[in-house]
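So the chains spell out like this:
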Amino acid sequence: MGSSTLGTSGCFWGIVGQGPSLGIAGLPIPISPYLQEKEEDKYWQHERYDRVPILGPITSGGAPIALDTPSDDEVMRALEKARPVEGGIPLLWERNRNDVRIIKEKIADYVDPVRVYPMIGPAQQHHAHYKCTIYYEDVRRVGWPVPHTLRDEDAREVVYIDHNHLHMVGDVDGGTGI
């Protein structure tokens, strides 16, 4: 009675051969937190910032204006990509950014003429270019051979971010599939 109960409960790795088996692939494989965070960041970047939205047609009555300024998260990710802070060795060499202030300026906003995009159809590309100036205090802690801290209270970086999206042109079919 005891062996049949264990065999049917799913908790027995013995001789019981009922149901599908993944073999060695059924065992969990540990992954390092570094690789886990790297994959999550890659997915977040793709989900939030790497896609080009397709909006409805531009209405008559004025020039189209881009409404979506870069978020602070997007600016800080672009800065981290250009000048990384992550990856120091604790108590040996570390770097931080403190008192961060971000100023965003729109430097260009224009719409391209109509062209046909594959799998989309006729559309216009709307460009919006932003200059983002980041002011911060750069703190570097060195722990060897002599522990000391370097502070740059007037650190500044400039990051340029482009926001592009498409506007449909002509008779727009929502593609509801009904």
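Residues numbered from 1 in each chain as written. Predicted model: local features only at pLDDT ≥ 70, side-chain atom pairs only at ≥ 80, totals over all residues. Heavy atoms only, no water.

Draft legend 1. The arrangement of the overall build of the protein chain in detail. Looking only at helices and strands, the protein chain has 3 helices and 5 strands in total. The N-to-C order of helical and strand elements in the protein chain reads α-α-β-α-β-β-β-β. Once local pairs closer than 6 in sequence are excluded, the contacts in the protein chain between residues at least 24 apart make up 68%. For the protein chain, the exposed area adds up to about 13,600 Å²; of that, 58% sits on carbon and sulfur atoms. (Helix = DSSP H or I, 4+ residues; strand = E, 2+ residues; numbered from the N terminus. Contact = heavy atoms within 4.5 Å. Areas by Shrake-Rupley, 256 points an atom, 1.4 Å probe, with all protein chains shown as cover.)

Draft legend 2. Quick look at the pairing of strand β5 (residues 148-168). Across 2 bridges, the pairing between strand β1 (residues 54-55) and β5 is parallel. The residue of β5 that forms the bridge with Leu-55 is His-167. Joining the antiparallel neighbours strand β4 (residues 121-142) and β5 is a turn of 5 residues. (Pairing = 2+ DSSP bridges.)

Draft legend 3. Highlighting a nonpolar patch on the surface. A surface patch of nonpolar side chains, about 460 Å² in accessible area, is lined by Ile-89, Leu-92, Trp-93 and Trp-144. Of note, Leu-92 is situated in the loop between α3 (72-82) and β2 (93-111). Overall, Leu-92 belongs to the partly exposed group, its relative accessible area being 38%. (Patch = residues over 30% accessible without salt bridge, like charges linked within 9 Å, V, L, I, M, F, W, Y side chains within 5 Å. Salt bridge = Lys/Arg side-chain N within 4 Å of Asp/Glu carboxyl O. Buried < 20%, exposed > 50% of the residue type's maximum accessible area, 1.4 Å probe, protein only.)

Draft legend 4. Fine view of α3. Considered for burial, the residues of α3 that qualify are Glu-74, Val-75 and Leu-79. Projected onto a plane normal to the axis of α3, the buried residues spread over an arc of 135 degrees and lie on a single side. Against β2, β4 and β5 lie the buried residues of α3. (Arc of directions from axis to C-beta.)

Draft legend 5. Broad picture of unusual backbone geometry. For the peptide bond that leads from Trp-144 to Pro-145, omega is 0 degrees, which places it in the cis range. Looking at the secondary structure, you find Pro-145 in the loop between β4 and β5. Look at Leu-91: it is not a glycine, yet its phi comes out positive at around 65 degrees. If you trace the backbone, Leu-91 turns up in the loop between α3 and β2. For Leu-91, a relative accessible area of 75% corresponds to the exposed category. With a phi angle near 65 degrees, Met-119 is a residue other than glycine that sits in the positive phi range. Within the fold, Met-119 resides in the loop between β3 (115-117) and β4. Given a relative accessible area of 90%, Met-119 falls into the exposed group.

Draft legend 6. Molecular detail of the layout of surface pockets. Considering only enclosed or pocket space, the largest pocket measures out at about 680 Å³ in volume. As for the largest pocket, its lining consists of 17 residues, of which Asp-41, Gln-45, Arg-77, Glu-80 and Lys-81 are closest to the centre. Looking at the lining of the largest pocket, the elements that each hand over two or more residues are α2 (33-48) and α3. Looking at side-chain class alone, the lining of the largest pocket contains 5 nonpolar, 2 polar and 10 charged residues. (1 Å grid on protein atoms, 1.4 Å probe; cavity = no way out; pocket = protein on both sides within 12 Å on 5 of 7 lines; lining within 4 Å. Points joined across faces, edges and corners; volume = space filled by probe spheres on them. Nonpolar A, V, L, I, M, F, W, Y, C, P; charged D, E, K, R; others polar.)

Draft legend 7. Structural view of the nonpolar core. The biggest cluster of nonpolar side chains holds 11 residues, and these are Ala-66, Val-75, Leu-79, Ala-128, Tyr-130, Cys-132, Ile-134, Tyr-136, Ala-155, Val-159 and Ile-161. Listing elements by their share of this core, those giving two or more residues are α3, β4 and β5. The element contributing the most residues to this core is β4, with 5 residues. (Core = buried A, V, L, I, M, F, W, Y, C linked by side-chain atoms within 4.5 Å.)

Draft legend 8. Looking closely at the packing of aromatic side chains. Scanning all chains against the criterion turns up 0 aromatic pairs. Over the ring of Tyr-136 we find Arg-97, and its NZ or CZ is 5.5 Å from the ring centre. (Phe/Tyr/Trp six-rings, centres within 6.5 Å; stacked < 30°, edge-to-face > 60°. Lys NZ or Arg CZ within 6 Å of the ring centre and 35° of its normal.)

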